[in-house]
Amino acid sequence: MTRDEVVQKARENSARFIRFLYCDNAGIIRGKAVHIDVLPDRLRNGVGLPIAIQALNMLDQLQPIENLGPVGEIRLMPDTSTFHLLPYVPHQAALTCNLVDAEGGPWPLDPRSLLDYHIQRAAARGIGVQAAFENEFTLVTRTPEGQFLPFDQSLAYSSHGMTTAAGFVDDLASTLEVQGLAVEHYHPEAGHGQQELTIHHADAMRAADNQVVFRETVRGTAAKHGLLASFAPKPFPDQPSNGAHIHFSLWDARFITNRLYDPEALYGLTPLARCFIGGVLAHLPALLALTCPSYNSYRRLHQPRSWTSAFTAWGPDNREAALRVASGLWGADARSVNLELKPVDPSCNPYLALAGLIAAGIDGVEREIDPGEPVQTDPALFSNEELAARGIKRLPTNQMEAILALRTDPVMMTALGAELANAYLAVRTSEYAAFRRETTGFEIQHHLLKF
Ligand code: GLU
Ligand code: MG
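In this text the structure is predicted, and so the values were computed from the model without any measurement.

A. Main features of the nonpolar core. Core analysis: the biggest nonpolar cluster contains 69 residues, and Ile246, Phe248, Leu341 and Leu354 have the highest contact counts within it. Val34, Leu176, Phe231 and Ala423 belong to the second largest nonpolar core, which has 53 residues in total.

Structure below.
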């Protein structure tokens, strides 16, 4: 879509405000809204923001980070191909943006440009990445006394649960359709009030943009129905968690052939697939700082029989493995076999999560990292000796362990670039310090409301 077409479409749909959106180091979706009258100018020149925005944590506490002080501007530059309407609020539309420096050049702290950089690195190796986030979220009501409660008490896959949430889900799906996201499946999940709705995969950049649209639309549509929707990893400590498993597949750079799949090979996986898996597992503890980034994320992992994963293990259709090889559709394996990374939750910044995933996988491909034997059982059943013999490690058990794993992984630090890595670690470390001092109730309330 050209800039003129964006303006025309905005006018045709009576959009008064057009949100220029980005996702920050804390995983929060933020932006500024541009009035329709100044839209043509702002599409060309961007919208200014303080340079310190990448120093904010999820409590809006500004961190003292070098070069992210009070002086200096960056700009939000929208990608015109991402224009979409926001039918859950009156007269608004949105675009997702890159963060560029004051001269319009690349800003090293922009997550969207970072993802683009790793997509290009993959493409240079003949790899095109397709991905989709498989989101779970919780519908919540608020009692007159201000207490948060799950919207219903329905069970996993319960048809009755489908009925209870039908009005909301229908509105959600129709809104996503208008926004160009192709809905595939819906079911009530195992937790009270928990829902899962999946959308079709897309190239990695579109998948990350879709994740921004999805999170916004779910929360916006719920609000329209007088409900609250939360993507917090664990909004209710006694209930199942919200994951956002990343399903991904590796294609040739033009997306014609699925380069993961070889029907003749062991487990149907090409050497490329095995090495990519090897890279992801090798860097998984560090990658977790990007994919399970919040303080609350660590209430989700390491829970028995929760299918969230706890170890650096992989396996065909193994739901307790961090990387599951998902079998394909009958008769269509070549186009549908994909890998599913389970230790990912929807509080992550999707650009950083995918950038990190691709960087880890590419390292595996370049160094030909062997992923070892697949695990055909719950790895929690292995003794410590067996885990060690198989080279399987326990995943970080809290936010600080993941931060330290990232800090001490040179490949992943290089993948983020020095400036982004420095700011990211400072923001996340500040969250750990802030939540550790507080009660569980404070942690839950903030994650429930912010995500
Ligand atoms: N709710 C689980 C999670 O937090 C996932 C369950 C499933 O595999 O659908 O990841
Ligand atoms: Mg699920």
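From this point on, the discussion continues.
B. Main features of the coordination of the magnesium ion (ligand 2). Each protein donor to the magnesium ion (ligand 2) is listed here as Glu136 (OE), Glu189 (OE) and Glu196 (OE); together their distances run 1.9 to 2.1 Å. Coordination of the magnesium ion (ligand 2) draws on donor residues from a single chain, spaced E-x52-E-x6-E in sequence. Each member of the pair, Glu189 together with Glu196, is buried.

C. Inspection of the site of ligand 1 at higher detail. Around ligand 1, the neighbouring residues are Glu136, Glu189, Glu196, Ser241, Asn242, Gly243, His245, Arg300, Ser306, Trp307, Thr308 and Lys342. Within the side chain of Glu189, a nitrogen or oxygen atom sits 3.1 Å from an oxygen atom of ligand 1. Contact distances for ligand 1 include 2.7 Å between an oxygen atom and a side-chain N or O atom of Ser241. A total of 300 Å² of accessible area belongs to ligand 1 in isolation, and the protein chains cover 91% of it. Residues of the shell around ligand 1, tallied by class, amount to one nonpolar, six polar and five charged.

D. Quick look at helix α14 (residues 418-437). Counted at 1.5 Å a residue, the expected span for α14 with its 20 residues is 28 Å, and the 29 Å between its end C-alpha atoms agrees. By the burial criterion, the buried members of α14 are Leu420, Ala421, Ala423, Tyr424, Leu425, Val427, Arg428, Ser430, Glu431, Tyr432, Ala434 and Phe435. Residues of α14 that are buried make contact with α3 (111-124), α8 (284-291), α10 (350-366), α12 (399-407), α13 (410-416) and α15 (440-450).

E. Spotlight on the pairing of strand β1 (residues 17-23). In terms of residue burial, β1 counts as a mostly covered element, since six of its seven residues are buried. Pairing of β1 with strand β6 (residues 92-101), which is carried by five bridges, proceeds in the parallel orientation. In the strand pairing of β6, Arg19 is matched with Ala94. Examined bridge by bridge, β1 and strand β2 (residues 29-35) share seven bridges and lie antiparallel to one another. Across the sheet, Arg19 pairs through a bridge with Ala33, a residue of β2. Connecting β1 to the next strand, β2, in antiparallel fashion are five residues, including Gly27 with a positive phi near 80 degrees.

F. Looking closely at the packing of α8 against α12. Between α8 and α12, the least distance of the axes is 7 Å, while the angle of their chain directions is 120 degrees. Between α8 and α12, the crossing angle belongs to the class labelled oblique. Judged by the twist between their axes, the crossing of α8 over α12 is left-handed. Where α8 approaches α12, its residues Pro285, Ala286, Leu288, Ala289 and Leu290 are matched on the opposing element by Ala402, Ile403, Ala405 and Leu406. Of the residues belonging to the contact of α8 with α12, the class tally is nine nonpolar, no polar and no charged.

G. Representation of the environment of Tyr267 in the model. Within the secondary structure, Tyr267 is located in the loop between β13 (244-251) and α7 (271-282). Distance from Tyr267 to Pro316, taken between C-alpha atoms, is 7.3 Å for residues 49 residues apart in sequence. What Tyr267 contacts, discounting residues up to four positions off in sequence, is Arg274, Trp314, Pro316, Glu373, Pro374 and Gln376.

H. Highlighting the packing of aromatic side chains. For the structure shown, the criterion picks out nine aromatic pairs. On the basis of an interplanar angle of 65 degrees and a centroid distance of 6.2 Å, the ring pair of Phe214 and Phe231 is categorised as edge-to-face. Placement of the pair is Phe214 in helix α6 (residues 204-224) and Phe231 in the loop between β12 (228-230) and β13, with a sequence separation of 17 residues. The two residues Phe214 and Phe231 agree in class, both being buried. Linked through ring pairs, Phe137, Phe168, Phe214 and Phe231 together constitute an aromatic cluster. Sitting above the plane of the Trp307 ring, Arg319 keeps its charged end 5.7 Å from the centroid.

I. Region of interest: the state of the cysteines. According to the stated counting rule, one finds zero disulfides in the structure shown. Cys23 supplies the cysteine sulfur nearest to Cys97, a cysteine that is in no disulfide, at a spacing of 12 Å. For Cys292, which is in no disulfide, the shortest distance to another cysteine sulfur is to Cys348 and amounts to 7.9 Å. Judged by its relative accessible area of 0%, Cys292 is buried.

J. Quick look at unusual backbone geometry. Of note, Asp60 is a non-glycine position whose phi angle comes to about 60 degrees, a positive value. Structurally, Asp60 can be placed in the loop between β3 (47-50) and β4 (73-78). You can call Asp60 partly exposed: its relative accessible area is 49%. The residue Tyr157 is not glycine, and still its phi comes out positive at about 60 degrees. Look at Tyr157 and you get exposed, because its relative accessible area is 52%.

Cut-offs applied
- Residues numbered from 1 in each chain as written.
- Chains lettered and ligands numbered in written order.
- Predicted model: local features only at pLDDT ≥ 70, side-chain atom pairs only at ≥ 80, totals over all residues.
- Heavy atoms only, no water.
- Core = buried A, V, L, I, M, F, W, Y, C linked by side-chain atoms within 4.5 Å.
- Buried < 20%, exposed > 50% of the residue type's maximum accessible area, 1.4 Å probe, protein only.
- Donors = N, O, S within 2.8 Å, 3.2 Å for Na, K, Ca; no water.
- Near = heavy atom within 4 Å.
- Polar contact = N/O pair within 3.5 Å; in protein donor to acceptor, adjacent residues only side chain to side chain.
- Areas by Shrake-Rupley, 256 points an atom, 1.4 Å probe, with all protein chains shown as cover.
- Nonpolar A, V, L, I, M, F, W, Y, C, P; charged D, E, K, R; others polar.
- Helix = DSSP H or I, 4+ residues; strand = E, 2+ residues; numbered from the N terminus.
- Expected span 1.5 Å × (residues − 1).
- Contact = heavy atoms within 4.5 Å.
- Pairing = 2+ DSSP bridges.
- Axes fitted to C-alpha atoms, helices over the stretch in contact; angles between N-to-C directions.
- Parallel < 35°, antiparallel > 145°, perpendicular 65-115°, else oblique.
- Left-handed = near helix turned anticlockwise from the far one by under 90°.
- Phe/Tyr/Trp six-rings, centres within 6.5 Å; stacked < 30°, edge-to-face > 60°.
- Lys NZ or Arg CZ within 6 Å of the ring centre and 35° of its normal.
- Disulfide = S-S within 2.5 Å.

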